[in-house]
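Chains, contacts and geometry: an overview
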Amino acid sequence: MAASNEQYPPDFSDERGLALISDIIDWQINHGSLLKHIDPETNFPDDPSQCYPVGVTVFPTLFPREQFDRACGLQTIYNELYCAMAEDEQWIFEAIRDLIPVDPLAAALWGIHEEVKKVGYAQKVSVGIFRSDYMLDGPGAEFPLEPGKSFDGSLKQVELNTFSCAGATNANKAAEMHRYFTRTNAYDTGNGHPINISLAALPPNNNIASLSGCLATAHDTYGSKKSVVATETAVLFVVQPNNFNIADERPLEYALWDRDPPIPAYRVNYPVDLLQYTTLTESRELLFHPPWLGSKCVEISVAYMRAGYETHEYDTIGREARLRIELSMAIKCPSLLAHICTFKRVQCALTAPGALEHFIPASKAALIRSTFVSMYPLDDSDAGARARRLATDPELSQNYILKPSLEGGGHNIFGEDIPDFLASLPESQWGAYILMERIRSPSVSNVLLSSSGLDSGGVISELGVFGTCLWREGTEGRHCEMLQNSVAGWSFKTKHEDVNEMSVVKGYGCFDTPLLF
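These figures come from a predicted structure and were not determined experimentally. (Residues numbered from 1 in each chain as written. Predicted model: local features only at pLDDT ≥ 70, side-chain atom pairs only at ≥ 80, totals over all residues. Heavy atoms only, no water.)

**Here's the deal with the overall build of the protein**
Per the secondary structure count, the protein includes 14 helices and 21 strands. Whereas a compact globule of 517 residues would reach a radius of gyration of roughly 24 Å, the protein reaches 23 Å, a difference of no more than 12%. Taking contacts inside the protein between residues at least 6 apart in sequence as the whole, the part at least 24 apart equals 75%. For the protein, the computed accessible surface area is about 20900 Å², with 49% contributed by carbon and sulfur atoms. (Helix = DSSP H or I, 4+ residues; strand = E, 2+ residues; numbered from the N terminus. Rg over C-alpha atoms; globule rule 2.2 N^0.38 Å. Contact = heavy atoms within 4.5 Å. Areas by Shrake-Rupley, 256 points an atom, 1.4 Å probe, with all protein chains shown as cover.)

**Let's talk about the environment of alanine 216**
Checked against the element boundaries, alanine 216 lands in helix H6 (residues 207-222). The spatial distance from the C-alpha of alanine 216 to the C-alpha of valine 235 is 8.3 Å, given a sequence separation of 19 residues. Apart from the residues within four sequence positions on either side, alanine 216 is in contact with Leu256, Arg259 and Ile263.

**Considering the nonpolar core**
Among the nonpolar cores identified, the biggest contains 129 residues, and Leu81 and Ile96 are the most heavily contacted of them. For this core, the element with the highest residue contribution is helix H2 (residues 65-86), accounting for twelve residues. Here this core spans two domains, since at least three of its residues come from each of domain 1 (15-365 + 439-516) and domain 2 (374-437). Sequence-distant contacts of leucine 81, defined by excluding residues within four places in its chain, comprise Leu350, Leu356, Phe359, Ile360 and Ile368. Counting 28 residues, the second largest nonpolar core, distinct from the first, contains Ile208, Leu215, Ala255 and Ala265. (Core = buried A, V, L, I, M, F, W, Y, C linked by side-chain atoms within 4.5 Å. Buried < 20%, exposed > 50% of the residue type's maximum accessible area, 1.4 Å probe, protein only. Domains from an automatic or database assignment.)

**Some remarks on the packing of aromatic side chains**
Within the structure shown, the criterion is met by 20 aromatic pairs. A ring pair is formed by phenylalanine 130 and tryptophan 471, whose centres lie 6.3 Å apart and whose planes are at 50 degrees; its orientation type is tilted. Here phenylalanine 130, found in strand E5 (residues 125-137), pairs with tryptophan 471, found in strand E18 (residues 453-473); they are 341 residues apart in sequence, far enough to count as distant. Neither phenylalanine 130 nor tryptophan 471 differs from the other in exposure class; each is buried. Aromatic side chains phenylalanine 163 and tyrosine 309 sit 6.4 Å apart centroid to centroid with 70 degrees between the ring planes, which places their arrangement in the edge-to-face category. Here tyrosine 309 lies in the loop between strand E11 (298-306) and helix H9 (316-327) and phenylalanine 163 lies in the loop between strand E6 (154-161) and helix H5 (168-183), a separation of 146 residues in the sequence. With a relative accessible area of 3%, phenylalanine 163 lands in the buried category. One aromatic cluster is present, formed by Tyr8, Phe12, Phe59, Tyr180, Phe181 and Tyr187 through successive ring pairs. (Phe/Tyr/Trp six-rings, centres within 6.5 Å; stacked < 30°, edge-to-face > 60°.)

**Here's the deal with the pairing of strand E8 (residues 265-269)**
Among the five residues of E8, four are classified as buried, and the element is accordingly described as predominantly covered. Relative to E8, strand E7 (residues 232-239) is paired through five bridges, and the arrangement is parallel. Its bridge partner being in E8, valine 235 is matched across the sheet by alanine 265. Handedness of the crossover is the feature at issue here: the chain leaves E7, passes through helix H7 (residues 246-257), returns alongside E8, and the resulting connection is right-handed. (Pairing = 2+ DSSP bridges. Right-handed = clockwise from strand over helix to strand, strands pointing away.)

**Side note on the packing of helix H3 (residues 89-96) against helix H4 (residues 104-119)**
Packed helices, taken two at a time, are described by the angle between their axes plus the distance between the axes. Between H3 and H4, the least distance of the axes is 13 Å, while the angle of their chain directions is 150 degrees. In terms of orientation, H3 and H4 fall into the roughly antiparallel class. Of the two possible hands of crossing, H3 and H4 adopt the one that is left-handed. Listed contacts from H4 to Glu89, Ile92, Phe93 and Ile96 of H3 are Trp110, His113 and Lys117. Across the contact of H3 with H4, the residue classes tally to four nonpolar, one polar and two charged. (Axes fitted to C-alpha atoms, helices over the stretch in contact; angles between N-to-C directions. Parallel < 35°, antiparallel > 145°, perpendicular 65-115°, else oblique. Left-handed = near helix turned anticlockwise from the far one by under 90°. Nonpolar A, V, L, I, M, F, W, Y, C, P; charged D, E, K, R; others polar.)

**Side note on the domain arrangement of the protein**
If you check the domain split of the protein, you get domain 1 (15-365 + 439-516) and domain 2 (374-437). If you look at the interface, domain 1 gives 24 residues, while domain 2 gives 24 residues. Roughly 2100 Å² of surface becomes buried between domain 1 and domain 2 when both sides are summed, with 51% attributable to carbon and sulfur atoms. For the pair domain 1 and domain 2, the interface holds one salt bridge. (Buried area = accessible area lost by both parts, 1.4 Å probe. Salt bridge = Lys/Arg side-chain N within 4 Å of Asp/Glu carboxyl O.)

**Some remarks on the pairing of E18**
By the bridge criterion, ten bridges tie E5 to E18 in an arrangement that is antiparallel. Within E18, the residue paired with tyrosine 134 across the bridge is leucine 463. Where strand E17 (residues 444-450) lies against E18, seven bridges are found, and the strand directions are antiparallel. Residue pairing in the sheet places serine 445 in a bridge with glycine 458 of E18. Counting the residues in the hairpin turn of E17 and E18 gives two residues. Pairing of E18 with strand E19 (residues 480-496) involves 15 bridges; the strand directions are antiparallel. Residue pairing for E19: valine 465 is matched across the bridge by tryptophan 490. In sequence, E18 turns back onto E19 through a hairpin of six residues, with glutamate 476 there showing a positive phi of about 55 degrees.

**Here we look at the pattern of salt bridges**
Counted by the stated rule, this structure contains 19 salt bridges. A salt bridge links glutamate 94 to arginine 97; the nearest nitrogen and oxygen atoms lie 2.5 Å apart. Residue arginine 369 pairs with glutamate 357 through a salt bridge whose shortest N-O separation is 3.0 Å. Remark: glutamate 357 occurs in the loop between helix H11 (344-349) and helix H12 (362-369) and arginine 369 occurs in helix H12; sequence separation between them is twelve residues. The exposure class assigned to arginine 369 is partly exposed, which follows from its relative accessible area of 30%. When its relative accessible area of 35% is taken as the criterion, glutamate 357 is described as partly exposed. Salt bridges linked by common partners bring Glu249, Arg250, Glu253 and Arg267 together as one network.

In structure tokens:
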């Protein structure tokens, strides 16, 4: 905890500050806290070995312990909710019915689902790696710096991600970095007035172990190989080609190989290589046989999706690749319907009266609902009519964000930009978006270090809580049977207060650690 009579973050001399920055960069290089440099024009690396450190905060950022604990405590309920939703095809269809004609990604995914339904899903078990993101809502609130005071505000959910949830490894490493510099007294200004940052105020993070452990459990649940031609079972990482964020992905793969006994884990580029190097047997085992394995043929136990969340990935080849995965016996992370549950339109549908109670008990529903902000579809309903009035009004729109059902950051339209953006679209396309009330987070001070340089000032943070879950299709009136339901770890991202988006790897913020008070 930062002492009440000291400035936070501490005011370093130029010499002391430059030494700390140098130490941070050294730590990142030595621990693989990096992004691969990819040429934005060619989508290929200029030099396969060229990397640069991912953005991080120099100091951990103040965050109320009560709200951190609350977010972590809600995750198993959110896991239960979304697993149940993923098994309710009719509810999902009603939630996205109006989205399908205007959103190519929704249309592609639902079309693949319809294709699989014709022959039936071969696998009844699914695995989920979810992340629920929150911001503090407290317009005008100031952070108390004295122990014993509480934050006068609330915790509000930004979104829940069910597909290709990134940032786990980078968040794990950021937490380790800040804890290392705390242990070594690196935050001591050297002026005889040390800043009291304790390890007890910096929560440890175990994302790599937790997420790889979840994939390992799913692998074990699949059981022994079914195909006589396969030599073993393995987890398959389905990835985007030339991914700049490999330092976030691959540690999960390495962790599987490092288990005792090792769990084989391979990766394949989506969609071309996946189609080239996999086949389906008559009984729908998914076999992986790339040339670098020689005559070896591997049966896929778990297909872990880190690709397939962007519209352009669903051309003819992309659809065929995803269809092959979904038809197979492999356990999917996540299932196709769980993927669709990540859409903002589904998040919006959950705010309707009684929606939560359809899936979880009323007592749990109340806890979840307390994190919601107002959300509206831009459709022909009464709620949609209200949303259109709000979104097209230059004054009222300033309190809202316009969101499509796309992942990865950089897709949202904020405040006063909403009316002109909608005016540039045919009204028939407005239904692809939802209108969400803006969360007004109080700012604190910190120093950000990224590829853009070093900058200090007011910042706001976003807390993401990872959940891991394994479930089986329900029977006898139950939505699903939960086989595993755990809180995995967290991510904490911080950006300058005047920046709207929050995607560290796209340059909008930095990985961070909460300094709990």
